Amino acid sequence: MNVLITGRGTSGSWKIRGEQLGRAIGATVLPRAIDMDPFDAVVMVKRTQPDMVVRARESRVPLVWDVVDAWPQPAGNTWGRDECMAWLRQQVKAIKPAGIVAATRAMAADCAEFGVPVLTLPHHARPGLERNPIREQVQTVGYEGSESYITGWRRHIEHECKQRGWRFVVNPERLADVDIVLALRDATGYAPRHYKSGVKLANAQGSGTPFIGCREFGYMENSIGNCEKWADTPDELKRAFDLLTSQGERRRVAQWMLSVAPSLPATAKVYLDWLKTVCETAPRS
């Protein structure tokens, strides 16, 4: 099957859903692709360009939209469900996809009304992650991502770390260098809570790094249930830190997390099998 994966090609989600996943399924990965005629399917990742949609239609190639992280940001991070659905409907009307790839089951449920195949495809763990050694004492707490998303959380994180003699770092060189990884977010709108991918949890699982996150669907849908710690308030963050101070607890959760880590090959197989089905049900006309 000859698949083209395209998009603007500039975001972190493009690296994961475009470059890594595209290569894993043997697709041609090309930002802002022009010639779509040779392909059996075209996947557009994140935000689409009208000219690319037009070229896909002219090529009569089944067009799949991977909606990962596609809503307008930061403005859309404050939307309620009605605003999110209005945006989704407008986009689907313009794109007319043959299939939709959703980052969470919550997003897939919201896309069910469009009458096309929808795949829930959580992020895989980042390839090449080193296993966390689970040190005797907690030394470092880490956060991967843009600092702008934790502006409100930061003083609480730094206060709790200072009280314990821990260090807080943003974007550590290796996830295995931190003893606890945080996946907190200031934004509490419908899209961040329901549509954001669980990539931070996937990477924590892939490295066996103890995890504290907000109760976002992307995390909760892919949690084990007895390992992840949840924090939507400073008090909950304090309690989660208290629980993970114990090396025994960190060892326990690390073992479970490693056992369920979503691998790139497994995710790619699910993706490719689904794309084949979409092409069978939406052939070129």
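For the structure, check the block above.
The model shown is predicted, which means the values in this text are computed figures rather than measured ones.

Reading the values: rules and limits
Residues numbered from 1 in each chain as written. Predicted model: local features only at pLDDT ≥ 70, side-chain atom pairs only at ≥ 80, totals over all residues. Heavy atoms only, no water. Helix = DSSP H or I, 4+ residues; strand = E, 2+ residues; numbered from the N terminus. Expected span 1.5 Å × (residues − 1). Contact = heavy atoms within 4.5 Å. Buried < 20%, exposed > 50% of the residue type's maximum accessible area, 1.4 Å probe, protein only. Pairing = 2+ DSSP bridges. Right-handed = clockwise from strand over helix to strand, strands pointing away. Phe/Tyr/Trp six-rings, centres within 6.5 Å; stacked < 30°, edge-to-face > 60°. Lys NZ or Arg CZ within 6 Å of the ring centre and 35° of its normal.

Colleague: Lay out helix α3 (residues 81-95) in plain terms, naming residues and giving numbers.
Modeller: Over its 15 residues, α3 runs 21 Å from end to end, which matches the ideal 21 Å to within 8%, given 1.5 Å per residue. Elements that come into contact with the buried residues of α3 comprise α2 (50-59), β4 (63-66), β5 (99-102), α4 (105-111) and α6 (190-194). At the C-terminal side of α3, Lys96 shows a positive phi close to 55°.

Colleague: A description of unusual backbone geometry should follow, citing residues and the corresponding values.
Modeller: Residue Gln73 is joined to Pro74 through a cis peptide bond whose omega torsion reads 10°. Following the sequence through the fold, Pro74 ends up in the loop between β4 and α3. Residues other than glycine seldom take positive phi values, yet Arg60 does so here, at roughly 55°. Mapped onto the elements, Arg60 comes out in the loop between α2 and β4. Notably, Lys96 is not glycine yet its phi reads approximately 55°, a positive angle. By the secondary structure assignment, Lys96 is in the loop between α3 and β5. Note on Lys96: relative accessible area 58%, which makes it exposed.

Colleague: Tell me about the pairing of β5, and please be specific about residues and values.
Modeller: Burial of the side chains of β5 extends over both faces: Gly99 and Val101 are buried on one face and Ile100 and Ala102 on the other. Relative to β5, β4 is paired through 3 bridges, and the arrangement is parallel. Looking at the pairing, Val64 lines up with Gly99 of β5. Where the polypeptide runs from β4 across α3 and back to β5, its parallel neighbour, the crossover connection is right-handed.

Colleague: Run through the pairing of strand β7 (residues 140-143), naming residues and quoting values.
Modeller: Strand residues, when the strand is regular, have side chains that alternate between the two faces of the sheet. Taking every second residue as pointing to the same face, both faces of β7 are buried, with Thr140 and Gly142 on one and Val141 and Tyr143 on the other. With 4 bridges connecting them, β7 and strand β8 (residues 167-170) associate as parallel partners. Among the inter-strand pairings, Tyr143 is bridged to a residue of β8, identified as Val170. The β-α-β motif built from β7, the intervening helix α5 (residues 151-164) and the parallel element β8 has right-handed crossover chirality. Pairing of β7 with strand β9 (residues 180-183) involves 3 bridges; the strand directions are parallel.

Colleague: I'd love a proper account of the packing of aromatic side chains, names of residues and values included.
Modeller: Evaluated as defined, the whole model comprises 6 aromatic pairs. Measuring from centroid to centroid gives 6.2 Å for Phe211 and Trp230, while their planes differ by 80°, and the two rings are edge-to-face. Residue Phe211 is located in strand β10 (residues 211-213), and its partner Trp230 is located in strand β11 (residues 229-230); the two are separated by 19 residues in the primary sequence. Phe211 gets classed as buried once you look at its relative accessible area, which sits at 1%. Through a chain of ring-to-ring contacts, three or more aromatic side chains come together here, namely Trp71, Tyr190 and Tyr195. The positively charged end of Arg164 is found above the aromatic ring belonging to Trp166, 5.4 Å away from the centroid. For the cation-ring pair, Arg185 lies above Tyr149, with the distance from its terminal atom to the ring centre recorded as 5.8 Å.

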